[in-house]
Amino acid sequence: MTSMSRARVARRIAAGAAYGGGGVGLAGAAAVGLLLAELQMARRHVGNGSSGRVPGADGVYGWGYHRSGGAESGGVCDIPGEPVLRLTMLGDSTAAGQGVHRAGQTPGALVASGLSAVAERPVELRNVALPGARSDDLDRQVALVLSGSSPVPDVCVIMIGANDVTHRMPPTRSVRHLSAAVRRLRTAGAEVVVGTCPDLGTIEPVQQPLRWLARRASRQLAAAQTIGVVEQGGRTVSLGDLLGPEFEANPRELFGPDNYHPSAEGYATAAMAVLPTVCAALGLWPAEEERPDVSRREGFLPVAQAAAEAASEAGTEVTAAMPTGPRGPWALLKRRRRRRVPEAEPATPSP
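Source: prediction; values computed, not measured.

**With respect to the overall build of the protein**
Assigned secondary structure in the protein consists of 13 helices and eleven strands. The 351 residues of the protein split such that 54% are buried. Counting only contacts in the protein whose residues sit at least 6 apart along the sequence, the fraction spanning at least 24 positions is 78%. If you sum the accessible surface of the protein, you get close to 14,400 Å²; carbon and sulfur atoms cover 52% of it.

See below:
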């Protein structure tokens, strides 16, 4: 499927999500029977991402950046002029970090450690992601984040979509729930970065022709997610690398023991892709990096076209750039240079 064709499909899905339209098929109806049979076989191999222990990684990272003399605020020492940054992870097993054994190997811990190093401030991590979750669970997760007396996070990272594809959730419904979650978080004052649906076409237990269908479906959903998120004021990062070309080339290193969830190296790859966008959302990335670089094929595009291109190339960021014009809203597409994520040290438990 060409980039323009993918852009048209993404626009249809996003429009259906916005205006309450019906589902737009991700795969032809004739393939549904085979798709279901192959999915059942694959689920028996990988457990469908709904079981297994997830290391608890909540706490404060980069506590060494704290200097004495700060005032106590909300149970965490805030330094005047240098407040603790608050990061929250939402989504499915990928956001939770299922498949690794140590808290420091989870994507939340890795992003928190990297953000702390860039900002030179402590980062408090909270993770409400649920293994096996689909986009309709984001309603519950956002309620957890915004309820109670806890301050609104400075930035939220959402990783969602794989289970929507494997459970054949209508993409319009999937995008509708994600867009609503981004809107609620942005209205509350949090920056939002969404890691879009990864490329599911390289999961080893999945055989052809489901592998081709899974790749097509996941890329279509990722493009539609991008349109929905950007229109609500969030930023997206394509996570094709999470289960894409790098994983296909190095499955033993980047997949975990179940051949479905990433290994520690795989999560580090994902964290490297997300971290620059998290930093940019908080105004922490170098100013020269914010200008489009033509040599890296960056620039301003209609949001649907930017979404389609991002879905085809992992690590690509899309963010709102211009008001709506004759061709719809525009976006800035960037291929940020990845920054090495430092290995996460054990977090200091939040009080």
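**Description of the pairing of strand β7 (residues 191-195)**
The two faces of the sheet receive side chains in turn, since in a regular strand these alternate between them. For β7, the tally of buried residues reaches four of five residues, placing the bulk of the element in the interior. Across five bridges, the pairing between strand β6 (residues 155-159) and β7 is parallel. Opposite isoleucine 158, over in β7, you have valine 194 as the bridge partner. Bridge count for β7 against strand β8 (residues 235-237) is three bridges, and the pairing is parallel. Within β8, the residue paired with valine 193 across the bridge is arginine 235.

**Description of the confidence of the model for the protein**
Predicted confidence across the protein gives a mean pLDDT of 75, with 64% of residues reaching 70 or more. Contacts of residues 46-51 to residues separated by more than four positions or lying in other chains number 17 contacts, the stretch itself having pLDDT below 50. Low pLDDT, under 50, characterises residues 68-79; the stretch is placed with 25 contacts to residues that sit more than four places away or in other chains.

**Focus on the environment of leucine 185**
As for its position among the elements, leucine 185 is in helix α7 (residues 171-188). With relative accessibility at 0%, the residue leucine 185 sits in the buried group. Each C-alpha atom of the pair leucine 185 and valine 155 lies 9.1 Å from the other, and the pair is 30 residues apart in sequence. Residues contacting leucine 185, with those up to four places away along its chain left out, are Leu90, Val142, Val145, Leu146, Cys156, Ile158, Ala190 and Val192.

**Some words on the pattern of salt bridges**
Going through the model one piece at a time under the given rule, you end up with nine salt bridges. Between glutamate 191 and arginine 186 there is a salt bridge, with the nearest N and O atoms lying 3.8 Å from each other. The exposure class assigned to glutamate 191 is partly exposed, which follows from its relative accessible area of 24%. Taking relative accessible area as the criterion, arginine 186 reaches 28% and is therefore assigned partly exposed. Among the salt bridges present, the one from lysine 334 reaches glutamate 298, with a minimum N-O distance of 2.9 Å. Placement of lysine 334 in strand β11 (residues 328-334) and of glutamate 298 in the loop between α12 (264-281) and β9 (299-302) is noted, with a sequence separation of 36 residues between them.

**Remarks on empty space enclosed by the protein**
Inspection of every chain in the model, using the stated rule, returns two cavities of 30 Å³ or more. Taken as a whole, the second largest cavity holds about 50 Å³ of empty space. Along the wall of the second largest cavity there are eleven residues; nearest its centre are Asp92, Thr94, Met159, Ile160 and Pro198. Among the residues making up the lining of the second largest cavity, the classes are represented as seven nonpolar, three polar and one charged.

**As for the side chain of serine 116**
Its location among the elements puts serine 116 in helix α4 (residues 107-119). Filtering out sequence-adjacent residues up to four positions away, serine 116 remains in contact with Tyr61, Gly62, Tyr65, Arg121, Pro122 and Val123.

**Overview of the nonpolar core**
Residues Leu87, Val157, Val193 and Val278 are the most contacted members of the largest nonpolar core, which totals 33 residues. Of all the secondary structure elements, the ones that give two or more residues to this core are β4 (85-91), α3 (93-96), α4, β5 (123-127), β6 and α12. Ranked by residues supplied to this core, first place goes to α12 with nine residues. Not counting residues within four places of it along the chain, the set of residues in contact with leucine 87 comprises Gly108, Val111, Ala112, Val123, Glu124, Leu125, Arg126, Val155 and Val157. Counting residues in each nonpolar core, the second largest holds 23 residues, with Val165, Ala222, Ala224 and Ala331 among its members.

**A word on unusual backbone geometry**
Glycine aside, residues mostly have negative phi angles, and peptide bonds mostly take the trans form. With a phi angle near 55°, glutamate 120 is a residue other than glycine that sits in the positive phi range. The backbone of arginine 297 sits at a positive phi, close to 60°, despite the residue not being glycine. In this structure, arginine 297 sits in the loop between α12 and β9.

**A short note on helix α13 (residues 303-312)**
For α13, a buried count of eight out of ten residues is recorded, marking the element as mostly surrounded by other parts of the structure. What α13 keeps buried is the set Val303, Ala304, Gln305, Ala306, Ala307, Ala308, Ala310 and Ala311.

**Focus: the packing of helix α5 (residues 138-146) against α7**
Two elements in contact, α5 and α7, have axes whose closest approach is 9 Å; the angle formed by their N-to-C orientations is 10°. With respect to each other, α5 and α7 are oriented roughly parallel. Here α5 and α7 pass one another in a crossing that is right-handed. Contacts from Leu138, Asp139, Val142, Ala143, Val145 and Leu146 of α5 reach α7 at His177, Leu178, Ala181, Arg184, Leu185 and Ala188.

**Re the environment of leucine 87**
Mapped onto the elements, leucine 87 comes out in strand β4. Measuring from C-alpha to C-alpha, the distance between leucine 87 and alanine 112 comes to 7.0 Å, with 25 residues separating the pair along the chain.

**Structural notes on the pairing of β6**
β6 sits mainly inside the fold: five of its five residues count as buried. Residue alternation in β6 divides its side chains into two sets, Val155, Val157 and Met159 and Cys156 and Ile158, and both sets are buried. Pairing analysis gives five bridges linking β4 to β6, with the strands arranged parallel. Opposite leucine 87, over in β6, you have valine 155 as the bridge partner.

Quick notes on the rules
Residues numbered from 1 in each chain as written. Predicted model: local features only at pLDDT ≥ 70, side-chain atom pairs only at ≥ 80, totals over all residues. Heavy atoms only, no water. Helix = DSSP H or I, 4+ residues; strand = E, 2+ residues; numbered from the N terminus. Buried < 20%, exposed > 50% of the residue type's maximum accessible area, 1.4 Å probe, protein only. Contact = heavy atoms within 4.5 Å. Areas by Shrake-Rupley, 256 points an atom, 1.4 Å probe, with all protein chains shown as cover. Pairing = 2+ DSSP bridges. pLDDT = per-residue confidence, 0-100. Salt bridge = Lys/Arg side-chain N within 4 Å of Asp/Glu carboxyl O. 1 Å grid on protein atoms, 1.4 Å probe; cavity = no way out; pocket = protein on both sides within 12 Å on 5 of 7 lines; lining within 4 Å. Points joined across faces, edges and corners; volume = space filled by probe spheres on them. Nonpolar A, V, L, I, M, F, W, Y, C, P; charged D, E, K, R; others polar. Core = buried A, V, L, I, M, F, W, Y, C linked by side-chain atoms within 4.5 Å. Axes fitted to C-alpha atoms, helices over the stretch in contact; angles between N-to-C directions. Parallel < 35°, antiparallel > 145°, perpendicular 65-115°, else oblique. Left-handed = near helix turned anticlockwise from the far one by under 90°.

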